[in-house]
Amino acid sequence: MRCFSKIQKEADEVFGNILTEVFQNEESIVEFTYKDAVVMGLIKNLINHSKSLYILLDNKHHTSVDAILRTIFENYVYLKFILEKNSLVRAKSYAYSNRISEYQMFDKLTEQTLKGKDMRNLLKVTLEEVTAMFEKKDSPERRSEIESLYLEEFGMKWLKQKWYNLDGETKNFKALCIKMGMEPEYEFIYSILSTEVHGKDAMKNLDVQEFFVILKDSHTKDSKLHISMASLYLMESVRVIYQHYDMKKKLRHFNTMLRIHRKY
């Protein structure tokens, strides 16, 4: 756990290190692009989820740790894919796809149907409030522009096409993992850890006998696997980011820190 905590601390410094050495460097002017925004967003999300995982495991509370580790894995795969090559194109596709998903949610919330009304009632918002909220973010013209760019700039056939399916063959997350050489990780994470995400692990909490039922203690799950895998994805994310921005000194420092902590 101590090494995991140290990796988190080092990862926390990545954002500031990149801003200082890459974008606030007086010797060279580097433009902050979609790629940089998406990369920073993904690593920040990955770090935040790893902190949540640490807090739960440190307090011996194992409910939801499978779901959190799955999210950490997804963020790592996305980050690795974006930084592999054509980083700006892939990052823009990711950003546009997320915005289009927001538009589609807006459409559902503003439907003049019973389903739309039920959704608004559930959230306790009016049609006018939903409309005003989305209009603050984007105009109809901007929405039309983003949707057109998503189809034309990246060669997408439809708006719901996965953002990473730029070749027309990577149709789902499993295909993406296979493409990135991570099929074994996918099979493990999604076959075993996804049972909690999809609400299929209720019976794990029960020991059903012939005449009685025993409620199991959820604190008995082994945390070594979650710590090991979360540490790996966080560690590799920091490495690929430092490599991408050619921050050799920071990468050497990070690798040295890891060697020291593994020794002890």
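Placed above this text is the structure.
Let us look at the structure shown here. Fair warning: this is a prediction, and the values are worked out from it, not measured in the lab.

## Notes on the pattern of salt bridges
Note on pairing: side chains with opposite charge can pair once their charged atoms come close.
Here is step 1: Following the criterion strictly, the structure yields 17 salt bridges and no others.
Here is step 2: Ionic contacts of the salt-bridge type, sharing partners, join the residues Arg99, Glu102, Lys137 and Asp138 into one network.

## Brief notes about the layout of surface pockets
Picture a little ball the size of a water molecule; that probe, rolled over the atoms, points out where space is still empty.
Here is step 1: The calculated volume of the largest pocket comes to roughly 360 Å³.
Here is step 2: The wall of the largest pocket is formed by 19 residues, among which Ser97, Asn98, Ser101, Lys162 and Trp163 lie closest to the centre.
Here is step 3: Taken together, the elements giving at least two residues each to the lining of the largest pocket come down to α4 (65–84) and α5 (87–109).
Here is step 4: If one sorts the elements of the lining of the largest pocket by residue count, α5 sits on top with six residues.

## Topic: the environment of Met182
Here is step 1: Residue placement: Met182 occurs in the loop between α9 (173–179) and α10 (183–197).
Here is step 2: On the basis of relative accessibility, which here comes to 2%, the residue Met182 falls in the buried class.
Here is step 3: In the structure, Met182 is positioned 105 residues away from Val77 in sequence and 8.5 Å away in space, judged by C-alpha atoms.
Here is step 4: Contact partners of Met182, with chain neighbours within four places excluded, come to Phe73, Tyr76, Val77, Lys80 and Cys177.

## Here we look at unusual backbone geometry
Here is step 1: Phi angles above zero are rare outside glycine, and Lys60 is one such case at about 55 degrees.
Here is step 2: Relative to the elements of secondary structure, Lys60 occurs in the loop between α3 (34–58) and α4.
Here is step 3: Unlike most non-glycine residues, Lys124 shows phi in positive territory, near 60 degrees.
Here is step 4: Considering the arrangement of structural elements, one finds Lys124 in the loop between α6 (114–123) and α7 (127–137).

## Remarks on the packing of α5 against helix α8 (residues 140–152)
Here is step 1: Running from N to C, α5 and α8 point in directions that differ by 130 degrees, and their axes come no closer than 10 Å. The angle between the axes of α5 and α8 places the two elements in the oblique class. In the packing of α5 onto α8, the handedness of the crossing is left-handed. Residues Ser93, Tyr96, Ser97, Arg99, Ile100, Tyr103, Phe106 and Asp107 of α5 form the contact with α8, whose participating residues are Arg142, Arg143, Ile146, Glu147, Leu149 and Tyr150.

## Some thoughts on the environment of Glu102
Here is step 1: Residue placement: Glu102 occurs in helix α5.
Here is step 2: Each C-alpha atom of the pair Glu102 and Phe134 lies 8.9 Å from the other, and the pair is 32 residues apart in sequence.
Here is step 3: Non-local contacts of Glu102, meaning those with residues more than four positions away in its chain, are made with Phe134 and Lys137.
Here is step 4: Separated by 2.7 Å, the side chains of Glu102 and Lys137 make a polar contact.

## Overview of the nonpolar core
Here is step 1: Counting residues in hydrophobic clusters, the biggest one holds 66 residues, and the most contacted among them are Ile18, Phe73, Phe173, Ile241 and Tyr245.
Here is step 2: At 12 residues, α4 tops the list of elements feeding residues into this core.
Here is step 3: With residues up to four places along the chain from it excluded, the contact list for Ile18 reads Phe23, Met40, Ile241, Tyr245 and Met247.

## Things to note about empty space enclosed by the protein
Here is step 1: A full pass over the atoms with the stated rule returns one cavity of 30 Å³ or more.
Here is step 2: Space inside the largest cavity adds up to approximately 30 Å³.
Here is step 3: Taken together, Ala11, Asp12, Val14, Phe15, Ile43, Lys44 and Ile47 make up the full set of residues lining the largest cavity.
Here is step 4: Residue assignment for the lining of the largest cavity shows that the elements contributing at least two residues are α1 (2–12), α2 (14–23) and α3.
Here is step 5: Per-element accounting of the lining of the largest cavity gives the leading share, three residues, to α3.
Here is step 6: When grouped by side-chain class, the residues that make up the lining of the largest cavity number five nonpolar, no polar and two charged.

Rules and cut-offs
Residues numbered from 1 in each chain as written. Predicted model: local features only at pLDDT ≥ 70, side-chain atom pairs only at ≥ 80, totals over all residues. Heavy atoms only, no water. Salt bridge = Lys/Arg side-chain N within 4 Å of Asp/Glu carboxyl O. 1 Å grid on protein atoms, 1.4 Å probe; cavity = no way out; pocket = protein on both sides within 12 Å on 5 of 7 lines; lining within 4 Å. Points joined across faces, edges and corners; volume = space filled by probe spheres on them. Helix = DSSP H or I, 4+ residues; strand = E, 2+ residues; numbered from the N terminus. Buried < 20%, exposed > 50% of the residue type's maximum accessible area, 1.4 Å probe, protein only. Contact = heavy atoms within 4.5 Å. Axes fitted to C-alpha atoms, helices over the stretch in contact; angles between N-to-C directions. Parallel < 35°, antiparallel > 145°, perpendicular 65-115°, else oblique. Left-handed = near helix turned anticlockwise from the far one by under 90°. Polar contact = N/O pair within 3.5 Å; in protein donor to acceptor, adjacent residues only side chain to side chain. Core = buried A, V, L, I, M, F, W, Y, C linked by side-chain atoms within 4.5 Å. Nonpolar A, V, L, I, M, F, W, Y, C, P; charged D, E, K, R; others polar.

Note that every value here comes from positions in space, so none of it alone points to a role or purpose.
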